[in-house]
Amino acid sequence: QSVLTQPPSASGTPGQRVTISCSDSRSNVGNDYVFWYQHLPGSAPKLLIYRSNQRPSGVPDRFSGSKSGTSASLAISGLRSEDEGDYYCAAWDDRLRNWVFGGGTSLTVL
Amino acid sequence: QGQLVESGGGVVQPGGSLRLSCAASEFTFSSYGMHWVRQAPGKGLEWVALIWADGSRKDYADSVKGRFTISRDNSKNMLYLQLNSLRPEDTGIYYCAKEASYLAGFDIWGQGTAVIVSS
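1. Here's the deal with the pattern of salt bridges
Residue and element names in this part refer to chain A. Overall, the coordinates contain twelve salt bridges over all chains when judged by the stated rule. Residue R80 is joined to E82 by a salt bridge in which the shortest nitrogen-to-oxygen separation is 3.8 Å. Residue E82 is classed as partly exposed on the basis of its relative accessible area of 46%.

2. Here's the deal with the state of the cysteines
All names here are of chain A. The tally for this structure, following the rule as stated, stands at two disulfides over all chains. In this model C22 forms its disulfide with C89; the gap between the sulfur atoms is 2.1 Å. Taking the torsion about the S-S bond as the criterion, the C22 to C89 disulfide, at about 75°, is right-handed. Of this pair, C22 sits in strand β3 (residues 18-24) while C89 sits in strand β8 (residues 85-93), and the two are 67 residues apart along the sequence. Here C22 and C89 have matching classes, each one buried.

3. Quick notes on the sheet that holds strand β3 (residues 18-25) of chain B
All names here are of chain B. Pairing is antiparallel in the open sheet, where four strands are placed in the order β1-β3-β8-β7. Here the strands that pair on one side only, and so sit at the sheet edges, are β1 (3-7) and β7 (68-73). Looking at each pair of strands side by side, their axes are set apart by 15° on average, direction ignored. One ladder, built from six bridges, connects β7 with strand β8 (residues 78-83); its direction is antiparallel. Across the sheet, I70 pairs through a bridge with L81, a residue of β8.

4. What to know about the packing of aromatic side chains
Remark: the centre distance and the inter-plane angle together describe each pair of aromatic rings, the angle taken between the planes. Going through the model one piece at a time under the given rule, you end up with ten aromatic pairs over all chains. Considering the side-chain rings of F35 of chain A and W99 of chain A, the 5.1 Å spacing of their centres and the 70° angle between planes classify their relative orientation as edge-to-face. Residue F35 of chain A is found in strand β4 (residues 35-39), and its partner W99 of chain A is found in strand β9 (residues 98-101); the two are separated by 64 residues along the sequence. Taking the relative accessible area as the measure of exposure, W99 of chain A reaches 5% and is therefore buried. With a centroid separation of 6.0 Å and 70° between ring planes, the pair formed by F27 of chain B and Y32 of chain B is classed as edge-to-face. Owing to a relative accessible area of 26%, Y32 of chain B belongs among the partly exposed residues under this scheme.

The rules behind each value
Residues numbered from 1 in each chain as written. Chains lettered and ligands numbered in written order. Predicted model: local features only at pLDDT ≥ 70, side-chain atom pairs only at ≥ 80, totals over all residues. Heavy atoms only, no water. Salt bridge = Lys/Arg side-chain N within 4 Å of Asp/Glu carboxyl O. Buried < 20%, exposed > 50% of the residue type's maximum accessible area, 1.4 Å probe, protein only. Disulfide = S-S within 2.5 Å. Helix = DSSP H or I, 4+ residues; strand = E, 2+ residues; numbered from the N terminus. Pairing = 2+ DSSP bridges. Axes fitted to C-alpha atoms, helices over the stretch in contact; angles between N-to-C directions. Phe/Tyr/Trp six-rings, centres within 6.5 Å; stacked < 30°, edge-to-face > 60°.

Dropping the structure here:
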């Protein structure tokens, strides 16, 4: 059971905007950054968002991240069929000196 | 941009050992922290271990502490993971990943190498 809780699934139609939530059950993590990874079938995971709301170069601005308190969200606008796959949030636990991943959300484009 | 290529996976009996390797290219390997992340069949991503750029610090997930050892050879641009006392629950795809910079995420991932622990 991860300390980062994500919904197991999400779905949307092409062009729609979808959001995926990530809730952190640890205490005193209000200032911790959240990271988001996309894992498409047959591909290596890809960094989508770092430090809660920053996009690496090359990641389309359709992807955005936000964080408030112990909850974070990944928003995908203009949904495309190629966005179908798994999405993971992650955070660094400085007390345990471990990276933790959420359980992952499987996104289906209907 | 950079590239990572894992190797060394295979089928091993419970209690056995494996050594995974990760070859890095097209970036200054010695300047970056490196990680191993795994994914069990039908499960999500699980962080396994990290090593600082100079190798001076290593951290491990509780699930592998005392059994796995991460190491690197900066002269060869290589990252390693020694897996000992393997258990069936260690079965999965093992990815190496490069840390972009301190708390900037893992920006380069390999394609993974499969480890199967079964009798």
